[in-house]
Amino acid sequence: MTDRYAIIGNPIAQAKSPALQTAFAKQCGQDMEYGAILGLPGGFVDAVRAFHHSGGKGMNITMPFKLEAFELADELTPRGRAAGAINMFTLRADGSILGDNTDGFGIVRDITHNLGFKFAGRRVLVLGAGGAVRGALLPLFDEAPAEVFIANRTAAKAVDLAAEFSAQAGKIKLSGGGFADIAGDFDIVINGSASSMSNDVPPIPAAVWSKLSLAYDMAYKKEPTAFVQAARAAGVAQVADGLGMVVEQGAECFYLWRGIRPDTAPVIRALREA
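Throughout, residues of each chain are indexed from 1 in the direction in which the sequence is written. With the structure being a predicted model, the display of local features is reserved for residues of pLDDT at least 70 and the display and counting of side-chain atom pairs for 80 or more, all residues being used for whole-chain, interface and lining totals. Processing note: side-chain calculations cover all non-hydrogen atoms of the structure and skip hydrogens and water entirely.

Visitor: Is there a simple way to think about the overall build of the chain in this case?
Guide: Helices and strands together make up the secondary structure of the chain, namely twelve helices and twelve strands. Compactness check: the chain gives a C-alpha radius of gyration of 19 Å against a globular reference of 19 Å for 274 residues, within 12% of the reference. Principal-axis analysis of the C-alpha atoms gives the chain an extent of 55 × 40 × 30 Å. When a residue's accessible area, from a 1.4 Å probe over protein chains only, is under 20% of the maximum for its type it is buried; when over 50% it is exposed; and in between it is partly exposed. Here the chain holds 274 residues, and 52% of them are scored as buried. Any two residues whose heavy atoms approach within 4.5 Å are treated as being in contact. Excluding contacts between residues fewer than 6 apart, the proportion of contacts in the chain whose partners are at least 24 apart in sequence is 69%. Here the Shrake-Rupley method, with its probe set to 1.4 Å, supplies the accessible areas, and only the displayed protein chains count as covering residues. Carbon and sulfur atoms form 53% of the exposed surface of the chain, whose accessible area is close to 12200 Å². Every helix listed is a DSSP run of H or I at least four residues long, and every strand listed is a run of E at least two residues long, numbered separately from the N terminus. Radius of gyration: C-alpha atoms only; globule rule: 2.2 Å multiplied by the number of residues to the exponent 0.38.

See below:
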(Lines give C-alpha, C1' and ligand atoms only; values in the text may rest on other atoms or scores of the structure.)
Protein backbone atom coordinates (compact mmCIF):
# COMPACT_ATOMS: atom_id res chain seq x y z
CA MET A 1 0.00 0.00 0.00
CA THR A 2 1.37 3.39 -0.99
CA ASP A 3 2.21 5.63 1.98
CA ARG A 4 0.97 9.21 1.72
CA TYR A 5 2.75 12.42 2.70
CA ALA A 6 2.07 16.09 1.96
CA ILE A 7 3.11 19.67 2.57
CA ILE A 8 0.62 22.27 3.76
CA GLY A 9 0.98 26.02 3.39
CA ASN A 10 -0.53 29.16 1.88
CA PRO A 11 0.57 29.89 -0.80
CA ILE A 12 1.72 26.42 -1.77
CA ALA A 13 2.37 26.40 -5.54
CA GLN A 14 6.00 27.47 -5.06
CA ALA A 15 6.84 24.64 -2.62
CA LYS A 16 9.74 22.43 -3.71
CA SER A 17 8.94 19.62 -1.26
CA PRO A 18 6.77 17.56 -3.67
CA ALA A 19 9.58 17.48 -6.24
CA LEU A 20 12.21 16.78 -3.57
CA GLN A 21 10.36 13.97 -1.84
CA THR A 22 9.30 12.38 -5.13
CA ALA A 23 12.93 12.39 -6.27
CA PHE A 24 14.07 10.88 -2.96
CA ALA A 25 11.39 8.18 -3.12
CA LYS A 26 12.40 7.20 -6.67
CA GLN A 27 16.08 7.15 -5.76
CA CYS A 28 15.50 5.00 -2.67
CA GLY A 29 12.82 2.72 -4.10
CA GLN A 30 10.13 3.79 -1.65
CA ASP A 31 6.42 3.22 -2.31
CA MET A 32 5.10 6.63 -1.34
CA GLU A 33 3.35 9.64 -2.80
CA TYR A 34 3.75 13.26 -1.75
CA GLY A 35 1.22 15.99 -2.43
CA ALA A 36 0.50 19.62 -1.61
CA ILE A 37 -2.36 21.02 0.44
CA LEU A 38 -3.44 24.65 0.27
CA GLY A 39 -4.21 25.52 3.89
CA LEU A 40 -7.04 27.97 4.46
CA PRO A 41 -7.03 30.64 7.19
CA GLY A 42 -8.46 29.07 10.31
CA GLY A 43 -8.49 25.65 8.68
CA PHE A 44 -5.01 24.35 9.46
CA VAL A 45 -5.94 22.01 12.31
CA ASP A 46 -8.89 20.50 10.44
CA ALA A 47 -6.75 19.93 7.35
CA VAL A 48 -4.05 18.15 9.35
CA ARG A 49 -6.58 16.02 11.20
CA ALA A 50 -8.32 15.06 7.97
CA PHE A 51 -5.05 14.05 6.31
CA HIS A 52 -4.01 12.07 9.39
CA HIS A 53 -7.35 10.28 9.68
CA SER A 54 -7.25 9.37 5.98
CA GLY A 55 -4.01 7.47 6.53
CA GLY A 56 -1.37 10.16 6.01
CA LYS A 57 2.01 9.24 7.47
CA GLY A 58 3.70 12.64 7.63
CA MET A 59 3.51 16.29 6.66
CA ASN A 60 5.75 19.24 6.03
CA ILE A 61 4.53 22.63 7.19
CA THR A 62 5.45 25.91 5.56
CA MET A 63 4.33 29.51 6.03
CA PRO A 64 2.12 30.69 7.61
CA PHE A 65 1.40 27.60 9.73
CA LYS A 66 4.69 26.78 11.49
CA LEU A 67 3.60 28.36 14.78
CA GLU A 68 0.19 26.65 14.67
CA ALA A 69 2.02 23.40 14.04
CA PHE A 70 4.05 23.98 17.19
CA GLU A 71 0.84 24.26 19.21
CA LEU A 72 -0.86 21.29 17.55
CA ALA A 73 1.91 18.72 18.07
CA ASP A 74 1.36 16.24 20.91
CA GLU A 75 5.12 15.80 21.32
CA LEU A 76 8.09 17.93 20.25
CA THR A 77 11.68 16.98 19.54
CA PRO A 78 14.30 19.03 21.44
CA ARG A 79 15.24 20.96 18.29
CA GLY A 80 11.58 21.54 17.45
CA ARG A 81 10.92 22.91 20.91
CA ALA A 82 14.02 25.12 20.76
CA ALA A 83 13.03 26.53 17.38
CA GLY A 84 9.55 27.46 18.60
CA ALA A 85 8.21 26.52 15.16
CA ILE A 86 7.60 23.21 13.40
CA ASN A 87 8.26 22.29 9.76
CA MET A 88 7.45 18.58 9.88
CA PHE A 89 4.99 16.17 11.46
CA THR A 90 5.26 12.45 11.90
CA LEU A 91 1.65 11.26 12.03
CA ARG A 92 1.56 8.22 14.27
CA ALA A 93 -0.74 5.22 14.06
CA ASP A 94 -2.06 5.90 17.58
CA GLY A 95 -3.40 9.27 16.42
CA SER A 96 -0.66 11.39 18.03
CA ILE A 97 1.58 13.89 16.25
CA LEU A 98 5.34 14.34 16.67
CA GLY A 99 6.58 17.79 15.69
CA ASP A 100 10.13 18.53 14.58
CA ASN A 101 12.16 21.27 12.91
CA THR A 102 14.74 20.16 10.36
CA ASP A 103 15.65 23.60 9.00
CA GLY A 104 18.67 24.07 11.26
CA PHE A 105 19.90 20.58 10.49
CA GLY A 106 19.61 21.40 6.79
CA ILE A 107 21.77 24.50 7.16
CA VAL A 108 24.53 22.73 9.06
CA ARG A 109 24.43 19.65 6.84
CA ASP A 110 24.70 21.76 3.68
CA ILE A 111 27.66 23.69 5.07
CA THR A 112 29.56 20.70 6.48
CA HIS A 113 28.66 17.95 4.00
CA ASN A 114 28.19 19.77 0.70
CA LEU A 115 30.50 22.73 1.16
CA GLY A 116 33.11 20.93 3.24
CA PHE A 117 33.32 23.62 5.91
CA LYS A 118 34.03 22.65 9.53
CA PHE A 119 32.71 24.74 12.42
CA ALA A 120 34.89 23.28 15.17
CA GLY A 121 36.92 25.99 16.89
CA ARG A 122 35.69 28.72 14.50
CA ARG A 123 34.08 32.09 15.18
CA VAL A 124 30.58 32.26 13.69
CA LEU A 125 28.57 35.42 13.03
CA VAL A 126 24.82 34.84 12.72
CA LEU A 127 22.63 37.61 11.32
CA GLY A 128 19.02 37.88 12.49
CA ALA A 129 17.15 36.77 15.60
CA GLY A 130 13.92 35.31 14.20
CA GLY A 131 12.62 31.79 13.74
CA ALA A 132 15.19 30.78 11.12
CA VAL A 133 18.05 31.58 13.49
CA ARG A 134 16.33 29.96 16.47
CA GLY A 135 16.06 26.73 14.51
CA ALA A 136 19.73 26.79 13.53
CA LEU A 137 21.30 27.28 16.95
CA LEU A 138 21.13 23.78 18.46
CA PRO A 139 22.47 22.03 15.32
CA LEU A 140 25.18 24.70 15.15
CA PHE A 141 26.18 24.10 18.77
CA ASP A 142 26.58 20.39 18.00
CA GLU A 143 29.44 21.33 15.65
CA ALA A 144 31.43 22.89 18.52
CA PRO A 145 32.37 26.34 17.22
CA ALA A 146 34.49 28.42 19.55
CA GLU A 147 32.10 31.39 19.48
CA VAL A 148 28.73 32.41 18.10
CA PHE A 149 27.71 36.06 17.94
CA ILE A 150 24.12 36.87 17.02
CA ALA A 151 23.66 40.30 15.41
CA ASN A 152 20.27 41.88 14.77
CA ARG A 153 18.91 45.29 13.83
CA THR A 154 17.07 45.31 17.14
CA ALA A 155 19.97 44.51 19.43
CA ALA A 156 17.79 43.55 22.39
CA LYS A 157 16.29 40.63 20.45
CA ALA A 158 19.74 39.21 19.77
CA VAL A 159 20.79 39.71 23.38
CA ASP A 160 17.63 37.97 24.62
CA LEU A 161 18.04 35.09 22.19
CA ALA A 162 21.64 34.52 23.29
CA ALA A 163 20.55 34.54 26.93
CA GLU A 164 17.77 32.05 26.20
CA PHE A 165 20.16 29.58 24.57
CA SER A 166 23.10 30.10 26.93
CA ALA A 167 22.59 26.81 28.77
CA GLN A 168 22.48 24.78 25.55
CA ALA A 169 25.62 26.50 24.27
CA GLY A 170 27.73 24.89 26.98
CA LYS A 171 31.38 25.90 26.58
CA ILE A 172 30.71 27.81 23.36
CA LYS A 173 30.99 31.58 23.81
CA LEU A 174 27.52 32.86 22.89
CA SER A 175 26.49 36.51 22.85
CA GLY A 176 24.31 38.92 20.92
CA GLY A 177 23.95 42.59 20.04
CA GLY A 178 23.37 45.07 17.24
CA PHE A 179 25.31 45.31 13.99
CA ALA A 180 27.42 48.06 15.55
CA ASP A 181 28.52 45.55 18.21
CA ILE A 182 30.16 43.19 15.72
CA ALA A 183 33.84 43.14 16.59
CA GLY A 184 36.86 41.11 15.60
CA ASP A 185 37.41 38.57 12.85
CA PHE A 186 34.95 35.80 11.99
CA ASP A 187 35.41 32.65 9.95
CA ILE A 188 31.84 32.33 8.75
CA VAL A 189 28.75 34.51 8.53
CA ILE A 190 25.26 32.99 8.22
CA ASN A 191 22.54 35.36 7.10
CA GLY A 192 19.28 34.32 8.76
CA SER A 193 17.68 37.75 8.56
CA ALA A 194 14.87 38.70 6.19
CA SER A 195 17.14 41.11 4.31
CA SER A 196 17.44 39.00 1.16
CA MET A 197 13.67 38.99 0.73
CA SER A 198 13.76 42.77 0.43
CA ASN A 199 16.93 42.81 -1.69
CA ASP A 200 18.88 44.35 1.18
CA VAL A 201 22.22 43.57 2.81
CA PRO A 202 22.77 43.70 6.59
CA PRO A 203 25.28 46.43 7.55
CA ILE A 204 28.26 44.23 8.32
CA PRO A 205 31.50 46.15 8.97
CA ALA A 206 33.72 46.11 5.89
CA ALA A 207 36.60 44.62 7.89
CA VAL A 208 34.49 41.53 8.66
CA TRP A 209 33.95 40.65 5.01
CA SER A 210 37.66 40.61 4.27
CA LYS A 211 38.46 37.92 6.86
CA LEU A 212 35.62 35.47 6.13
CA SER A 213 36.19 31.97 4.80
CA LEU A 214 32.48 31.42 4.08
CA ALA A 215 29.41 33.64 3.66
CA TYR A 216 26.14 31.69 3.70
CA ASP A 217 22.68 33.05 2.98
CA MET A 218 19.73 30.97 4.23
CA ALA A 219 17.62 32.52 1.47
CA TYR A 220 17.86 31.63 -2.20
CA LYS A 221 16.46 33.03 -5.42
CA LYS A 222 16.79 32.28 -9.12
CA GLU A 223 19.31 35.12 -9.31
CA PRO A 224 21.96 35.61 -6.58
CA THR A 225 20.59 37.36 -3.49
CA ALA A 226 21.85 40.81 -2.52
CA PHE A 227 23.80 39.19 0.33
CA VAL A 228 25.48 36.69 -2.00
CA GLN A 229 26.37 39.49 -4.44
CA ALA A 230 27.84 41.61 -1.62
CA ALA A 231 29.92 38.69 -0.34
CA ARG A 232 31.31 37.97 -3.79
CA ALA A 233 32.08 41.63 -4.38
CA ALA A 234 33.95 41.70 -1.07
CA GLY A 235 36.10 38.77 -2.17
CA VAL A 236 34.87 36.18 0.34
CA ALA A 237 36.56 32.88 -0.50
CA GLN A 238 33.40 30.74 -0.46
CA VAL A 239 29.82 31.98 -0.92
CA ALA A 240 26.57 29.99 -0.95
CA ASP A 241 22.83 30.48 -0.82
CA GLY A 242 20.21 28.32 0.93
CA LEU A 243 19.12 25.99 -1.87
CA GLY A 244 21.25 23.19 -0.44
CA MET A 245 19.68 23.83 2.96
CA VAL A 246 16.20 23.29 1.49
CA VAL A 247 17.25 19.99 -0.04
CA GLU A 248 19.06 18.81 3.10
CA GLN A 249 16.19 19.63 5.46
CA GLY A 250 13.90 17.68 3.13
CA ALA A 251 16.31 14.75 3.11
CA GLU A 252 16.29 14.75 6.90
CA CYS A 253 12.48 14.57 6.86
CA PHE A 254 12.67 11.67 4.40
CA TYR A 255 15.18 9.88 6.64
CA LEU A 256 13.03 10.32 9.74
CA TRP A 257 9.95 9.04 7.90
CA ARG A 258 11.51 6.22 5.86
CA GLY A 259 14.76 5.29 7.66
CA ILE A 260 16.90 5.89 4.56
CA ARG A 261 19.10 8.92 3.91
CA PRO A 262 18.98 9.86 0.20
CA ASP A 263 21.87 11.17 -1.84
CA THR A 264 21.19 14.90 -2.09
CA ALA A 265 23.93 15.86 -4.56
CA PRO A 266 22.04 14.94 -7.76
CA VAL A 267 18.88 16.62 -6.50
CA ILE A 268 20.74 19.87 -5.73
CA ARG A 269 22.35 19.76 -9.18
CA ALA A 270 18.99 19.24 -10.87
CA LEU A 271 17.44 22.17 -9.03
CA ARG A 272 20.38 24.42 -9.93
CA GLU A 273 20.08 23.49 -13.57
CA ALA A 274 16.33 24.06 -13.53
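Visitor: In this structure, what is going on with the pairing of strand 2 (residues 32-38)? I would like to understand it.
Guide: Successive side chains on a regular strand alternate, one facing one side of the sheet and the next facing the other. For two strands to be treated as a pair, DSSP must find at least two bridges joining them. As defined by bridge partners, strand 1 (residues 3-9) adjoins strand 2 across seven bridges and the pair is classed as parallel. Looking at strand 2, one finds that Asp3 is bridged to Met32. With the strands aimed away from the viewer, a crossover counts as right-handed if its path from the first strand over the helix to the second runs clockwise. For the segment spanning strand 1, helix 1 (residues 17-28) and strand 2, crossover handedness is right-handed.

Visitor: Whenever I open this one, the sheet that holds strand 8 (residues 147-151) confuses me. Can you help?
Guide: Strand-to-strand pairing in sheets goes through backbone hydrogen bonds, with the strands running parallel or antiparallel. Ordered in space as 9-8-7-10-11-12, the six strands form an open sheet in which the pairing is parallel. Across the chains shown, the open sheet's two edge strands, defined by having one partner strand only, are strand 9 (173-177) and strand 12 (238-240). Mean inter-strand twist for the sheet, computed between neighbouring axes without regard to direction, equals 15°. Pairing of strand 10 (residues 188-191) with strand 11 (residues 214-217), which is carried by four bridges, proceeds in the parallel orientation. Opposite Ile190, over in strand 11, you have Tyr216 as the bridge partner. Each of strand 10 and strand 11 is contacted by helix 5 (residues 103-114), which is oriented at about 145° to strand 11, the strand it contacts most. Working convention: axes come from line fits to C-alpha atoms, limited for helices to the stretch in contact. Angles between N-to-C directions cover 0 to 180 degrees.

Visitor: Explanation requested: the packing of helix 11 (residues 243-258) against helix 12 (residues 265-273) in the structure shown.
Guide: Two measures define how a pair of helices packs: the angle their axes make with one another and the distance between the axes. Remark: helix 11 packs on helix 12, axes separated minimally by 10 Å, with the N-to-C direction vectors making an angle of 140°. One finds that helix 11 runs oblique with respect to helix 12. For the pair helix 11 and helix 12, the crossing hand works out as right-handed. When helix 11 is examined against helix 12, the residues Leu243, Gly244, Val247 and Glu248 are found in contact with a partner set consisting of Val267, Ile268, Leu271 and Arg272. For classification, angles of less than 35 degrees are called roughly parallel, those exceeding 145 degrees roughly antiparallel, those between 65 and 115 degrees roughly perpendicular, and all remaining angles oblique. Here a crossing is taken to be left-handed if its near helix is turned anticlockwise relative to the far helix by less than a right angle, and right-handed if that turn runs clockwise.

Visitor: Explanation requested: the sheet that holds strand 5 (residues 88-91) in the structure shown.
Guide: Spatial ordering of the open sheet is given by 2-1-3-5-6-4, a layout of six strands whose pairing is mixed. Unpaired on one side and paired on the other, strand 2 and strand 4 (75-76) mark the two borders of the sheet. The sheet contact formed by strand 3 (residues 58-61) and strand 5 spans three bridges and is antiparallel. In the strand pairing of strand 5, Gly58 is matched with Thr90. Each of strand 1, strand 2 and strand 3 touches helix 1; the most contacted strand, strand 2, lies at about 175° to it.

Visitor: What is the right way to read the side chain of Ser17 from this model?
Guide: Tracing the sequence through the fold places Ser17 in helix 1. Residue Ser17 is classed as buried on the basis of its relative accessible area, which comes to 9%. Aside from chain neighbours lying at most four places away, what touches Ser17 is Ile7, Tyr34 and Asn60.

Visitor: In this structure, what is going on with the nonpolar core? I would like to understand it.
Guide: Nonpolar side chains in soluble globular proteins generally cluster together in the buried interior. Put simply, a nonpolar core is a bunch of buried Ala, Val, Leu, Ile, Met, Phe, Trp, Tyr and Cys residues held in one set by side-chain atoms that sit within 4.5 Å of each other. The biggest cluster of nonpolar side chains holds 49 residues, and the ones touching the most others in it are Ile111, Phe119, Phe141 and Val148. Counting residues per element, this core draws most heavily on helix 11, at seven residues. Non-local contacts of Phe141, meaning those with residues more than four positions away in its chain, are made with Val148, Phe165, Gln168, Ala169, Ile172 and Leu174. In this structure, Phe44, Met59, Ile61 and Leu72 belong to the second largest nonpolar core, which totals 18 residues.

Visitor: I keep staring at the packing of aromatic side chains and nothing clicks. Help me out?
Guide: Note on aromatic pairs: each is described by the distance of the centres and the angle between the planes. Note on aromatic contacts: the rings of Phe and Tyr and the six-membered ring of Trp form a pair at centre separations within 6.5 Å, being stacked when their planes are under 30 degrees apart, edge-to-face when over 60 apart, and tilted otherwise. Counting across every chain of the model gives six aromatic pairs. Relative to Phe65, the ring of Phe44 lies with its centre 5.0 Å away and its plane at 15°, an arrangement referred to as stacked. Within this pair, whereas Phe44 is found in helix 2 (residues 44-53), its partner Phe65 is found in the loop between strand 3 and helix 3 (66-72), the two being separated by 21 residues in sequence. One exposure class covers both Phe44 and Phe65, and it is buried. An aromatic cluster is built from Tyr5, Tyr34 and Trp257, whose rings are joined through pairwise contacts.

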